[in-house]
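If you want the building blocks of each chain, they are given just below.
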Amino acid sequence: MEINKELNFIINDNKLEKRTEKSKYFTEEFFKKCGIKKYRYLLEDYNFIDFERDTYCRRGETKNPEEDYYIDGLWLEDSNIEHGLNFLMELDEYYQETGEYEKLGRPDYYLTDNLVPFSGLCDYIFIDKTTSKIWTAIQDEDLSNMIETIYNWELIADNFDEFIDKLYIEKTENRVVNIAQGRKVLKEMDEYIKERDKFKNE
């Protein structure tokens, strides 16, 4: 399915990648469970959708680029989803080791089993399969010790369709800083995972 005209203002047509095979994650069961209808085709038909520069998702009723979420695009290829799931698994194991899940009465791998990532340059963004809500995990600025990093979970939208409807473009000088910070987060997370795996294998 082609992109709806109402989204042309935020989507970079030169950087669209359509799927050549069905996703393992965005299935019929997933769409029914999450109640995604209006923008289902974005998740179902594309591997990658690049948004135009300075695209944000509103936090509140009014636009405020200084506070709103910067969104670079939708990273929907199975390999991208699995990268995000690895991140969730790391968090799950940390919460298990620290006893946080036991205090909350949550089962092992609670995050990995319930969340599906779909974007992740500056901060990971997830769909909760049990509630349809859209969440982001925002990392503290201090990246000196990944294992003790605190992630603040924030609700972005009640569902995926609402999330897309809340996107807008606002020219700002902060975009370059946002992208650089996001790439730093992903790089340091990858380095931590490699070091942890190396330590386990010794």
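As the structure is a prediction and not an experimental result, all values here were calculated from the model.

Attention now moves to helix α3 (residues 78-97). With 20 residues, α3 should cover 28 Å at 1.5 Å per step; its first-to-last C-alpha distance of 28 Å lies within 8% of that length. Of the residues making up α3, those classed as buried are D78, I81, G84, L85, F87, L88, E90, L91, D92, E93 and Y95. Of the residues flanking the end of α3, it is G99, one or two places downstream, whose phi is positive at about 80°.

Across the five residues that make up strand β7 (residues 124-128), a large majority, five, are buried. Judged from the four bridges that link them, strand β6 (residues 115-119) and β7 form a sheet pairing that is antiparallel. What sits directly across from P117, in β7, is F126. With four bridges connecting them, β7 and strand β8 (residues 134-139) associate as antiparallel partners. Counted as the bridge partner of Y124 is A137 from β8. Linking two consecutive strands that pair antiparallel, namely β7 and β8, is a turn of five residues; a positive phi of about 75° is found at S132 within it.

This next bit is on the packing of aromatic side chains. With the rule as written, the count across this model stands at 15 aromatic pairs. Consider the rings of Y101 and Y110, whose centres lie 6.4 Å apart with planes at 70°: the pair is edge-to-face. Between F160 and F163 the ring centres are 6.1 Å apart and the planes differ by 35°, which places this aromatic pair in the tilted class. Residue F160 and its partner F163 are located together in helix α6 (residues 160-165), separated by three residues, close to a single helical turn. We note that F160, like F163, is buried. In this structure an aromatic cluster arises from ring pairing among F87, Y124, F126 and W153. Here the basic side chain of R59 rests over the ring of Y69, its NZ or CZ set 4.2 Å away from the ring centre.

On the basis of which strands lie adjacent, the open sheet formed by three strands has the order β4-β3-β10 and antiparallel pairing. Either end of the sheet is taken by a strand with one partner, and the two such strands are β4 (69-70) and β10 (167-169). Pairing of strand β3 (residues 55-57) with β10, which is carried by three bridges, proceeds in the antiparallel orientation. Across the sheet, residue C57 finds its bridge partner in β10, namely L167.

As a further point, take the side chain of R40. Checked against the element boundaries, R40 lands in helix α2 (residues 40-45). Side-chain polar atoms of R40 contact the side chain of E44, separated by 3.0 Å. Apart from the residues lying within four places of it in its own chain, the contact partners of R40 are E28, F31 and D161.

To continue, consider the nonpolar core. Counting 46 residues, the largest nonpolar core has L42, L74, F118, F160 and F163 as the members making the most contacts within it. Among the elements that take part in this core, α3 stands out by supplying six residues, more than any other. F118 has contacts with F26, G73, L74, W75, L76, I81, I125, F126, I127, I134, F160 and F163, leaving out every residue within four places of it along the chain.

This paragraph deals with the pattern of salt bridges. In total, this model carries seven salt bridges according to the counting rule given. Across the salt bridge formed by K103 and E100, the nearest N and O atoms sit 3.5 Å from each other. Taken together, the residues span about one helical turn, with K103 and E100 both in helix α4 (residues 100-104) at a distance of three residues. By relative accessible area, which is 65% here, K103 ends up exposed. Among the ionic pairs, D158 bridges to K133, the shortest N-O distance being 3.2 Å. Taken together, the residues span a long stretch of sequence, with D158 in the loop between β9 (151-157) and α6 and K133 in the loop between β7 and β8 at a distance of 25 residues. Beyond isolated ion pairs, a larger network of salt bridges with shared partners links E28, R40 and E44.

What counts, and at which threshold
- Counting restarts for each chain: residues are numbered from 1 in the order of the written sequence.
- Where local features are concerned, this predicted model is filtered to residues with pLDDT of at least 70; where side-chain atom pairs are given and counted, the filter is 80 or more; whole-chain, interface and lining totals use all residues.
- Remark: hydrogens and water are excluded; side-chain values derive from all non-hydrogen atoms of the structure.
- Labels follow the DSSP assignment, with helices taken as runs of H or I lasting at least four residues and strands as runs of E lasting at least two, numbered in each case from the N terminus.
- To estimate how far a helix should reach, multiply one less than its number of residues by 1.5 Å.
- For every residue, the accessible area obtained with a 1.4 Å probe (protein chains only) is divided by the maximum for its type, and the residue is called buried under 20%, exposed over 50%, and partly exposed between those limits.
- Each pair of strands is called paired provided DSSP finds at least two bridges between the two strands.
- Aromatic pairing here means that ring centres of Phe, Tyr or Trp (its six-membered ring) are within 6.5 Å. Orientation follows from the plane angle: under 30 degrees is stacked, over 60 is edge-to-face, and everything else is tilted.
- Counted as over-ring charges are cases with an Arg CZ or a Lys NZ within 6 Å of the ring centre that also lie within 35 degrees of the ring normal.
- Throughout this description, a polar contact denotes any pair of N or O atoms lying within 3.5 Å of each other; where both atoms belong to protein, one of them has to be capable of donating a hydrogen while the other can accept it, and for residues adjacent in sequence the pair is counted only when both atoms sit in side chains.
- We call two residues in contact whenever any of their non-hydrogen atoms come within 4.5 Å of each other.
- In plain words, nonpolar cores are sets of buried Ala, Val, Leu, Ile, Met, Phe, Trp, Tyr and Cys residues tied together by side-chain atoms within 4.5 Å.
- Any carboxyl oxygen of Asp or Glu that lies within 4 Å of a side-chain nitrogen of Lys or Arg is treated as forming a salt bridge with it.

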